[in-house]
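Residues per chain are reported as follows:
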Amino acid sequence: RLPWPTVVGFNPEGWQKAVTEWYRPFTYTTVWGSRPLASRNIPEWLYKADVWLRPMNVTPEVMESVRQAMKLFGIGVGVHWYYWHNHPFDTNYPDYFPAQPDFAKMVKETCKLGGYVTPYINGRLWDPATESYKTQRGKEASCRKADGTLYTEVYSSKVLNTVTCPASSIWQNVQKQLVERIQGELGTSGVYIDQIAAAASEPCWASNHGHALGGGDWWHYAYRNLLTDMRENHLKKDNILTSEENAECYIDLF
């Protein structure tokens, strides 16, 4: 039994009509849909990137595949790079540095070829076996059940990770520093932060995170505040080539 009234609707013309006539107007009333895309702090290249590559690892063979793909698709390609760090997937998060040797060179070459590199990081998981979990008080940032135990998750690596509370100032600072370091040291055009828009929220009972205990709407607002601050204060725009600069590099190389 739900503690509020509910209504179920059926549109005989199909789901597309239901989306355009019912759901779309609703989205304009939400926090995430009330502002048009043009008013948001989103780089122009992201609007125009109609092809995305997903390189896996940092090897000469992978880089050659990137070169061939860039020759085929041209400038303005998004490049979502995985396995750029020195640990297996879903392990040692968020200790991604040092990056694999030559990754910064590959990022630079890809940008000169007309691509925009956004490497993978995870915005939800903290590996309790990492050094940072001890030195940066990861346990204090972890999401807690009502009995005080930690939420944990295991993925393909079979390594146990703790779910980190997005409202924790400790975790927010870790993410901001990581985004700055990736852009500053590797020269990327941005960063992809996994799981924050897809993985389920958890009712966190930690009293040191500054949110209501248990449930509430604070989970997605915490991520929203984190990303807003990142976009406003932690993006290094000087690392991003303009369309004209990319075009010149592309012409020079090919």
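Residues numbered from 1 in each chain as written. Predicted model: local features only at pLDDT ≥ 70, side-chain atom pairs only at ≥ 80, totals over all residues. Heavy atoms only, no water.

Caption draft 1: Helix α8 (residues 218–233), seen in detail. Helix length check: α8 (16 residues) gives 22 Å between terminal C-alpha atoms against 22 Å at 1.5 Å per residue, within 8%. When we look at burial in α8, the residues that qualify are Trp218, Trp219, Ala222, Tyr223, Leu226, Asp229 and Met230. Along α8, the residues classed as buried sweep out an arc of 145° about the axis, all on the same side. The elements touched by buried residues of α8 are β7 (160–163), α7 (169–186) and β8 (192–194). (Helix = DSSP H or I, 4+ residues; strand = E, 2+ residues; numbered from the N terminus. Expected span 1.5 Å × (residues − 1). Buried < 20%, exposed > 50% of the residue type's maximum accessible area, 1.4 Å probe, protein only. Arc of directions from axis to C-beta. Contact = heavy atoms within 4.5 Å.)

Caption draft 2: A look at the nonpolar core. Formed by 42 residues in total, the largest nonpolar core has its most connected members in Trp81, Trp84, Phe103, Ile121, Cys143, Ile182 and Leu186. Broken down by secondary-structure element, the contributors of at least two residues to this core are α3 (60–73), β2 (77–79), α4 (103–112), β4 (120–122), α7 and α8. Listed in part, the six residues of the second largest apolar core include Trp126, Ile170, Trp171 and Val174. (Core = buried A, V, L, I, M, F, W, Y, C linked by side-chain atoms within 4.5 Å.)

Caption draft 3: Examining a nonpolar patch on the surface more closely. A surface patch of nonpolar side chains, amounting to about 580 Å² of accessible area, comprises Trp15, Val19, Tyr23, Phe26 and Trp32. On the secondary structure map, valine 19 appears in helix α1 (residues 15–27). (Patch = residues over 30% accessible without salt bridge, like charges linked within 9 Å, V, L, I, M, F, W, Y side chains within 5 Å. Areas by Shrake-Rupley, 256 points an atom, 1.4 Å probe, with all protein chains shown as cover. Salt bridge = Lys/Arg side-chain N within 4 Å of Asp/Glu carboxyl O.)

Caption draft 4: Spatial organisation of the pattern of salt bridges. Scanning the entire structure with this criterion turns up 10 salt bridges. Residue lysine 105 is joined to aspartate 102 by a salt bridge in which the shortest nitrogen-to-oxygen separation is 3.9 Å. Judged by relative accessible area, aspartate 102 falls into the partly exposed class, the value being 43%. Sharing partners across several salt bridges, the network here consists of Glu64, Arg67 and Glu109.

Caption draft 5: Spatial organisation of the sheet that holds strand β3 (residues 115–117). On the basis of which strands lie adjacent, the open sheet formed by three strands has the order β1-β2-β3 and parallel pairing. Two strands in the sheet have a free side with no partner beyond their single neighbour: β1 (52–53) and β3. Where β1 lies against β2, two bridges are found, and the strand directions are parallel. Among the inter-strand pairings, leucine 53 is bridged to a residue of β2, identified as valine 79. (Pairing = 2+ DSSP bridges.)

Caption draft 6: Here's a closer look at the packing of aromatic side chains. One pass over the structure, following the stated rule, counts 20 aromatic pairs. Ring centres of tryptophan 45 and tryptophan 52 lie 5.9 Å apart, and the angle between their planes is 50°; this geometry places the pair in the tilted category. Overall, tryptophan 45 belongs to the buried group, its relative accessible area being 9%. Owing to a relative accessible area of 40%, tryptophan 52 belongs among the partly exposed residues under this scheme. On the numbers, 5.6 Å between centres and 70° between planes, the contact of tryptophan 84 with phenylalanine 97 is edge-to-face. (Phe/Tyr/Trp six-rings, centres within 6.5 Å; stacked < 30°, edge-to-face > 60°.)

Caption draft 7: Region of interest: the sheet that holds strand β5 (residues 125–126). The strand order β5-β7-β6 describes an open sheet built from three strands, whose pairing is antiparallel. With one partner strand each, in any of the chains shown, β5 and β6 (152–154) form the two edges of the open sheet. Bridge count between β6 and β7: three bridges; the pairing is antiparallel. In the sheet register, glutamate 153 faces β7, and the bridge partner there is asparagine 161.

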